[in-house]
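Overview (structure and organization)
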Amino acid sequence: MPVTENALPPYEVGRLAGAVLDSVGSVVVGKRESLELVLAGILAGGHVLLEDLPGLGKTLTARSFAQSLGLDFRRLQFTPDLLPADVTGSFLYDQRKGDFAFRAGPVFTNMLLADEINRTPPKTQAALLEAMQEKQVSVEGVTYRLDPPFHVLATANPIEYEGTYPLPEAQLDRFLIRVSFGYPTADEEWEVLRRRMSRRQEEAFLQPVVDARMLQAMQAALESVTVEDSIGRYIVSLAAATREHPSVLVGSSPRGSLALLLLARARAAMAGRDFVVPEDVKDVAVPALAHRITLRPEMWLRRVDPAFVVQEVLTNVPAPASGALPTYARHD
């Protein structure tokens, strides 16, 4: 997103991001670090893949972010019989007008929850892919632009592969970041139960902290976040190291480098800074790169995880020492 007059200063982005995280955290218990990664993906203008076991709050997280960010939200349950038209919409005959009229599908929204995206056939997955990459939908030769902001939060179950259609690497690469939550601790799980009893209803409703226009201003602010050449080359070195790792068949593409850059900028802005430090890159390296790596077949037998590869790369590639200062400090 280009810098505009409506872009906010980074310290204001940090304040608003904290308020959004506090709001979502009032419902999604004990997952602050994962929630920060999801918000970083949204601020960076990308799409987020939530991959975890059932019942760990993926759908709740998507709905809570949509409410706190003041976005129009739709949920689409992906099933084996779902058709592309069920995602994009289709032309229907209007008897009163005697002509065909386009009826928009659920993809025409600000935030789409693609629930269990790996349970629908590749043709339907491809219909969503155009919307994710091009921010547009093509139906019967007619192209419709999607109004910004547009974000897909997709969920996938890493088990129960029977009856699923695993996402191809090309589509996984379209997700800016992949986030997992993991099981809560005993105290966190009890807190979930306690809050459920206290609100006396199943659904939790959050008041908007910002709206769609303010979110776009927060996203525009990322363009003013400075990235030193040394950190930019560090990002490139990390992505290149994944291609040279002995356990890897196909390493991260340049899109992975771009994802690191965008997410590191988002992390800096969420911290109220207008410059990126190496720790910002390290914080997002695993969720930004692990799903872009294809391991050698024999590595699966050894139970090697792509996340382990990224961790090894982070250990082996030396990080630069950054001496950057925020712009407001340079004039002191």
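In this text the structure is predicted, and so the values were computed from the model without any measurement. (Residues numbered from 1 in each chain as written. Predicted model: local features only at pLDDT ≥ 70, side-chain atom pairs only at ≥ 80, totals over all residues. Heavy atoms only, no water.)

**Looking at helix H9 (residues 229–244)**
For H9, spanning 16 residues, the distance from its first C-alpha to its last is 23 Å, which sits close to the expected 22 Å at 1.5 Å a residue. Of the residues making up H9, those classed as buried are Ile231, Tyr234, Ile235, Leu238, Ala239, Ala241 and Thr242. Down the axis of H9, the buried side of the element spans an arc of 155°, and every buried residue falls inside it. Exposed residues lying more than 90 degrees from the buried face of H9 are Asp229, Arg233 and Glu244. (Helix = DSSP H or I, 4+ residues; strand = E, 2+ residues; numbered from the N terminus. Expected span 1.5 Å × (residues − 1). Buried < 20%, exposed > 50% of the residue type's maximum accessible area, 1.4 Å probe, protein only. Arc of directions from axis to C-beta.)

**Describing the packing of aromatic side chains**
The final tally for this structure, using the stated rule, is 4 aromatic pairs. Taking 4.3 Å as the distance between ring centres and 10° as the angle between the ring planes, the aromatic pair formed by Phe102 and Tyr144 counts as stacked. Here the residue Phe102 occupies a position in strand S4 (residues 99–104), and Tyr144 occupies one in strand S7 (residues 142–145), the gap between them amounting to 42 residues. Taking relative accessible area as the criterion, Phe102 reaches 22% and is therefore assigned partly exposed. An aromatic cluster is built from Phe91, Phe102, Phe108 and Tyr144, whose rings are joined through pairwise contacts. Sitting above the plane of the Phe275 ring, Arg273 keeps its charged end 5.6 Å from the centroid. (Phe/Tyr/Trp six-rings, centres within 6.5 Å; stacked < 30°, edge-to-face > 60°. Lys NZ or Arg CZ within 6 Å of the ring centre and 35° of its normal.)

**What about the sheet that holds strand S1 (residues 48–51)?**
With parallel pairing, the 5 strands of this open sheet are ordered in space as S2-S5-S8-S1-S9. Two strands bound the open sheet, and with one partner strand each, they are strand S2 (73–77) and strand S9 (177–179). Each neighbouring strand pair of the sheet contributes to a mean axis angle of 20°, computed without reference to strand direction. Here S1 pairs with S9 via 3 bridges, running parallel. Each residue of the ladder has a partner; that of Leu49, found in S9, is Arg178. Against the sheet, helix H3 (residues 58–68) makes contact with S1, S2, strand S5 (111–115) and strand S8 (151–156), and its axis sits at roughly 175° relative to S5, the strand it touches most. (Pairing = 2+ DSSP bridges. Axes fitted to C-alpha atoms, helices over the stretch in contact; angles between N-to-C directions. Contact = heavy atoms within 4.5 Å.)

**Considerations on helix H2 (residues 32–43)**
Two residues of an α-helix separated by three or four positions point the same way, owing to the 3.6 residues in each turn. The terminal C-alpha atoms of H2 lie 16 Å apart, and with 12 residues this matches the ideal 16 Å at 1.5 Å per residue to within 8%. Counting buried positions over the 12 residues of H2 gives 9, a clear majority of the element. If you check which residues of H2 are buried, you get Ser34, Leu35, Leu37, Val38, Leu39, Ala40, Gly41, Ile42 and Leu43. In the segment just after H2, Gly45 is the residue with positive phi, at about 80°.

**Re the nonpolar core**
Soluble globular proteins tend to pack their nonpolar side chains together in the buried interior. With 69 residues, the main nonpolar core has Leu43, Phe65, Leu69, Leu260 and Val281 as its most contacted residues. A per-element tally of this core places helix H10 (residues 254–270) first, with 8 residues. Sequence-distant contacts of Phe65, defined by excluding residues within four places in its chain, comprise Val20, Leu21, Val24, Leu35, Val38, Leu39, Ile42 and Met111. Core analysis: the next-biggest nonpolar cluster, separate from the first, contains 22 residues, Val87, Ala114, Ile117 and Ala154 among them. (Core = buried A, V, L, I, M, F, W, Y, C linked by side-chain atoms within 4.5 Å.)

**So, the environment of Leu39**
Tracing the backbone through its elements, the reader meets Leu39 in helix H2. Accessibility expressed as a relative area gives 0% for Leu39, which makes it buried. Spatially, the C-alpha atom of Leu39 lies 7.8 Å from that of Ala17, the residues being 22 residues apart in sequence. Among residues more than four places away in sequence, those in contact with Leu39 are Ala17, Val20, Leu21, Phe65 and Met270.

Everything listed here is a matter of geometry and, on its own, says nothing about what the molecule does.
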